[in-house]
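As a plain string of letters, each chain reads:
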Amino acid sequence: MTEFFTMEAYEAAADAIRQRATLKPRVGLILGSGLSSLAESVTDAVRVPFSDIPHFPVSTVQGHHGQLVIGHLEGQPVVVMQGRVHFYEGYSMAQITLPIRVMKLLGVETLIVTNAAGGLNLNYVPGEVMIVRDHLNLLGMAGWSPLRGPNLEAFGPRFPDTNDAYTPALRELARKVAIDAGVPYHRGVYICLAGPNFESPADVRFLRTIGADAVGMSTVPEVITARHAGMQVLGLSGITNTLCGEEGAPPPNHEEVLEAGAILVPRLETIIRGVLRALAEG
Ligand code: HPA
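Residues numbered from 1 in each chain as written. Predicted model: local features only at pLDDT ≥ 70, side-chain atom pairs only at ≥ 80, totals over all residues. Heavy atoms only, no water.

Draft legend 1. Broad picture of the site of the ligand. The immediate surroundings of the ligand are formed by Ala116, Ala117, Gly118, Phe198, Glu199, Val215, Gly216, Met217, Thr240, Asn241 and Leu243. A distance of 2.7 Å is found between a nitrogen atom of the ligand and a side-chain nitrogen or oxygen belonging to Asn241. If the ligand stood free it would expose 260 Å²; the protein chains cover 92% of that surface. Elements with a minimum of two residues in the shell around the ligand: β5 (110–119), β8 (214–216) and β9 (232–242). Considering every element that reaches the shell around the ligand, the biggest residue donor is β5, with 3 residues. A breakdown of the residues in the shell around the ligand according to their chemical character gives 6 nonpolar, 4 polar and 1 charged. (Near = heavy atom within 4 Å. Polar contact = N/O pair within 3.5 Å; in protein donor to acceptor, adjacent residues only side chain to side chain. Areas by Shrake-Rupley, 256 points an atom, 1.4 Å probe, with all protein chains shown as cover. Helix = DSSP H or I, 4+ residues; strand = E, 2+ residues; numbered from the N terminus. Nonpolar A, V, L, I, M, F, W, Y, C, P; charged D, E, K, R; others polar.)

Draft legend 2. Representation of the nonpolar core within the structure. Within the largest apolar cluster, 52 residues are counted, with the highest numbers of intra-cluster contacts made by Leu68, Val102 and Leu111. For this core, the leading source of residues is helix α2 (residues 93–106), giving 8 residues. The contacts of Leu68, once residues within four sequence positions are left out, are Ile17, Val46, Arg47, Val48, Phe50, Ile53, Phe56, Val79, Val80 and Met81. (Core = buried A, V, L, I, M, F, W, Y, C linked by side-chain atoms within 4.5 Å. Buried < 20%, exposed > 50% of the residue type's maximum accessible area, 1.4 Å probe, protein only. Contact = heavy atoms within 4.5 Å.)

Draft legend 3. Spotlight on the pairing of strand β6 (residues 129–136). For β6, a buried count of 6 out of 8 residues is recorded, marking the element as mostly surrounded by other parts of the structure. One ladder, built from 7 bridges, connects β6 with strand β7 (residues 185–192); its direction is parallel. Note that in β7 the partner of Leu136 across the bridge is Ile191. Taken together, the 3 bridges between β6 and β9 define a ladder with antiparallel strand orientation. Paired with Ile131 across the strands is Leu236, a residue of β9. (Pairing = 2+ DSSP bridges.)

Draft legend 4. Region of interest: the side chain of Glu199. Considering the arrangement of structural elements, one finds Glu199 in the loop between β7 and α5 (201–209). For Glu199, which is buried and forms no salt bridge, the nearest opposite charge comes from Arg208, at a distance of 10 Å. Non-local contacts of Glu199, meaning those with residues more than four positions away in its chain, are made with Leu193, Val204, Leu207, Val215 and Leu243. (Lys, Arg positive; Asp, Glu negative; His and termini not counted. Salt bridge = Lys/Arg side-chain N within 4 Å of Asp/Glu carboxyl O.)

Draft legend 5. Local environment of unusual backbone geometry. At the junction of Gly195 and Pro196, the peptide bond is cis and its omega measures out at 0° in the coordinates. With respect to the secondary-structure elements, Pro196 resides in the loop between β7 and α5. One non-glycine residue with positive phi stands out, namely Glu74, at about 50°. Tracing the backbone shows Glu74 in the loop between β3 (67–73) and β4 (76–82).

Draft legend 6. Representation of the side chain of Thr219. By secondary structure assignment, the location of Thr219 is in the loop between β8 and α6 (220–228). Excluding residues within four positions of it along the chain, Thr219 makes contact with Arg84, Val113, Thr114, Asn115, Tyr166 and Tyr190.

Draft legend 7. Geometry of the pattern of salt bridges. Summed over all chains, the structure comprises 12 salt bridges. Across the pair Arg84 and Glu222 runs a salt bridge whose closest N-O atoms are separated by 2.8 Å. You can see Arg84 sitting in the loop between β4 and α2 and its partner Glu222 sitting in helix α6, a full 138 residues away along the chain. On the basis of relative accessibility, which here comes to 2%, the residue Arg84 falls in the buried class.

Draft legend 8. Spatial organisation of the packing of α2 against α6. At a minimum axis distance of 9 Å, the contact between α2 and α6 shows a crossing angle of 50°. Looking at the two axes, α2 sits oblique to α6. In the crossing of α2 with α6, the sense of the turn from one axis to the other is right-handed. Seen from α2, the contacting residues are Met93, Ile96, Thr97, Ile100 and Arg101; seen from α6, they are Pro221, Glu222, Thr225, Ala226 and His228. (Axes fitted to C-alpha atoms, helices over the stretch in contact; angles between N-to-C directions. Parallel < 35°, antiparallel > 145°, perpendicular 65-115°, else oblique. Left-handed = near helix turned anticlockwise from the far one by under 90°.)

Keep in mind these values describe shape, not function.
As structure tokens, then:
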């Protein structure tokens, strides 16, 4: 397991992709669990399996395809990560976030990240979208920051700001698209835990108390790495289940999660397509 990568490693990964695809992507998309169907709609697509790219981490989780798809979506040159790896799989923070830095080297200016999340906010219902307003970086606070280790100045500064980690203009654009399309949405705070276990009732009450609206096992390391490198970020959580925090309450039910996923895929796709269209026009 590589804990830190050199600039040469990032360049080697970017070069391998450039040899397969000549298009320079402007927008990078990371599609989370069960949300990867949008990658099928990319036109003029070149598909590069993660396993063909030097240093790229390959997901061990079912439902995460593991390829880069480079092409056009709603008139935008995009690179889509169909599947991602998680910290709980045993990868280092540097491995999890390597694709973000590689996207930066390919020319990506805007990152759109999706995830499946559990609703902590009692107003949330499975199937709803949360536009991420901010995050709680519990892993980072405990020492697991993706920026720990030698700082590569070519990407960004040693002590980057994380105000407005989720670009206000993109959040507003996503909100407008959701309203116009009649997609129910919330704006809230996402918290990333390492997983892979789901939260205990006491965990749920703690997370709610510290100000989190939704909980998942991804996104925050990638967003911090993207912001460090000066990228604009939009984060979208699909609420697949809700967590009440009462002892004895039934655990997240698999059927319920699948049902919510089926509702969420078209809703997230509508928002992403609308945002991409607006970016292509702007
Ligand atoms: N907890 C953590 N991660 C998740 C959940 C959850 O309830 N649902 C989907 N991802």
